[in-house]
Protein chains: 2
Amino acid sequence: MQKETLCLGLLSLGPRSGYEIKQMFEGPLSDFYSLSFGTIYPTLNSLQADKYVSCKQHSQSKKPDKKVYTITKKGMELMKDNLLGDASSYIRSGNFGDQIKSEFFLLLLFSKYLPKETMNTVLNERVLYLRQKLEQFNYDGPVPGNLDAIRNEKSVSFIRGLASALIETGLNYMEKNRGKLS
Amino acid sequence: MQKETLCLGLLSLGPRSGYEIKQMFEGPLSDFYSLSFGTIYPTLNSLQADKYVSCKQHSQSKKPDKKVYTITKKGMELMKDNLLGDASSYIRSGNFGDQIKSEFFLLLLFSKYLPKETMNTVLNERVLYLRQKLEQFNYDGPVPGNLDAIRNEKSVSFIRGLASALIETGLNYMEKNRGKLS
DNA sequence: TTAAACTATATCAATTTGATATAGGTATTG
DNA sequence: CAATACCTATATCAAATTGATATAGTTTAA
């Protein structure tokens, strides 16, 4: 997905600073997508230059100025047009689509070159890690203000439910089949 | 995973050309990892310069020369050392770990900006695509020669079984819960 | 009190991708 | 049978992206 469309999409949930957009990627979006500061800040600048977003500078007494971006009408239109135009190309992407770099699967692939006790530890820690992820996806308590909007999206509960189901399947599979690796 | 470790790991399954390594990434590895030609060829050159692989030039009558790389003893040692040294850092990566860019999930996230009939088509095509993926993972027939070695790895049947289980879960979830999106 | 961690933007070297160049072979199709 | 498309095979490079670092003040924890 074009970085412009993505940033506009996130700004459509409410005005945000670049730093807050990054927080979304590190928080609720971390399992699905990420952009670095080096991409986010220049994208916001170019979106502003082309009037897809407006910017209000909040001088915060002593911290560096916070630049809060708001999506414009023109920006909303561009975002919707882009989403509609590219929708079909996103169908074959995602879990078992494009753009995945799973180092854990590579480790499994080459597991025969590792000592058995190492692989045992790795699999145990993977299970712990996935249980932790599962808790994360099932967690329903409060979240920091700037992450609240995304949490309350209708689509997010669909996505969280799917992620939860997938992790559970992965955990069950691992527990039942880990013997087949060695 | 370092590109060197990964290329060495693939060469540990048998001698290969750069083009054939790329075919592995486009074939059986496509759902888990990928490297471009722009990374593969320079990596093979530097591995050769440092004696981690040897290279035999096969002049093929009329096609361009095929450079077939073979992992050396020194290369096997480097690969194993790297795998062991970095194993713990790969635990938190993969499905629901790092490095995933799922455009399909982004599309779901922004689905409210798309016409209902578009999302309906998208979801139908996604289901078809996943069914096709499922077939791919369950397929047990013959594969081209250079992809055979990877197919016969013990770890690969574990991985394929896992992928298959995950896709099935995803399909079931989608069919039961797609109403919740709109 | 002092170190660590957080808020906030900006920049940039190093890496990586995706496209293109080159060049001949093979398969399809009307 | 000729034309078109796709396959084998390596190489290179502009453009995009990351990951790290710089800067600088604030807040939290020990």
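Residues numbered from 1 in each chain as written. Chains lettered and ligands numbered in written order. Predicted model: local features only at pLDDT ≥ 70, side-chain atom pairs only at ≥ 80, totals over all residues. Heavy atoms only, no water.

Caption draft 1: Representation of the side chain of B:Glu20 in the model. By the element assignment, B:Glu20 lies in helix 2 (residues 18-26). On the accessibility criterion, B:Glu20 (14% relative accessible area) is buried. (Helix = DSSP H or I, 4+ residues; strand = E, 2+ residues; numbered from the N terminus. Buried < 20%, exposed > 50% of the residue type's maximum accessible area, 1.4 Å probe, protein only.)

Caption draft 2: Region of interest: the environment of B:Glu20. Expressed as a C-alpha distance, the spacing of B:Glu20 and B:Tyr139, which sit 119 residues apart in the sequence, is 21 Å. Apart from the residues within four sequence positions on either side, B:Glu20 is in contact with B:Lys66 and B:Asn146. (Contact = heavy atoms within 4.5 Å.)

Caption draft 3: Seen up close, the interface of chain A and chain B. Facing the 77 residues of chain A at the interface are 77 residues of chain B. Counting across the interface, chain A meets chain B through two salt bridges. The salt bridge involving A:Lys112 is made with B:Glu153; its shortest N-O contact spans 3.0 Å. The interface formed by chain A and chain B contains 23 residue pairs in polar contact (both at pLDDT 80 or more). The set of elements that each furnish at least two residues to the side of chain A that touches chain B consists of helix 1 (3-11), helix 4 (73-86), helix 5 (103-109), helix 6 (116-138) and helix 8 (154-177) of chain A. The leading source of residues in the side of chain A that touches chain B is helix 8 of chain A, at 17 residues. (Salt bridge = Lys/Arg side-chain N within 4 Å of Asp/Glu carboxyl O. Polar contact = N/O pair within 3.5 Å; in protein donor to acceptor, adjacent residues only side chain to side chain.)

Caption draft 4: The packing of aromatic side chains, seen in detail. Under the counting rule described, the total for this entry stands at twelve aromatic pairs over all chains. Here A:Phe105 and B:Phe32 contribute two aromatic rings whose centre-to-centre distance is 4.5 Å and whose plane-to-plane angle is 35°, an arrangement assigned as tilted. One end of the pair, A:Phe105, is in helix 5; the other, B:Phe32, is in the loop between helix 2 and helix 3 (37-49), on a second chain. A relative accessible area of 4% places A:Phe105 in the buried class. Relative to B:Phe37, the ring of B:Tyr19 has its centre 6.2 Å away and its plane inclined at 10°; by these criteria the two rings are stacked. Placement of the pair is B:Tyr19 in helix 2 and B:Phe37 in helix 3, with a sequence separation of 18 residues. Within the aromatic cluster, the residues linked to one another by ring pairs are A:Phe32, A:Phe137, B:Phe104 and B:Phe105. (Phe/Tyr/Trp six-rings, centres within 6.5 Å; stacked < 30°, edge-to-face > 60°.)

Caption draft 5: Summary view of the domain arrangement of chain A. Residues and elements named next belong to chain A. In terms of domain boundaries, chain A breaks down into domain 1 (3-90) and domain 2 (103-181). The straight-line distance from the C-alpha centre of domain 1 to that of domain 2 is 28 Å. Contacts between the two partners involve eleven residues from domain 1 and, on the opposite side, nine residues from domain 2. Carbon and sulfur atoms supply 68% of the area buried between domain 1 and domain 2, which totals about 850 Å² over both sides. Among the residues of domain 1 in contact with domain 2, Leu13, Asp31 and Phe32 are the three that bury the most area, contributing 49% of the side total. Taken together, the links from domain 1 to domain 2 amount to one salt bridge. Of the charged contacts, one joins Lys133 and Asp31 as a salt bridge, the two residues approaching to 3.0 Å between their closest N and O atoms. On inspection of domain 1 and its partner domain 2, the count reaches three residue pairs in polar contact (both at pLDDT 80 or more). Counting residues per element, the side of domain 1 that touches domain 2 draws most heavily on helix 2 (residues 18-26), at three residues. Tallied by class, residues from the side of domain 1 that touches domain 2 come to six nonpolar, two polar and three charged. (Domains from an automatic or database assignment. Buried area = accessible area lost by both parts, 1.4 Å probe. Nonpolar A, V, L, I, M, F, W, Y, C, P; charged D, E, K, R; others polar.)

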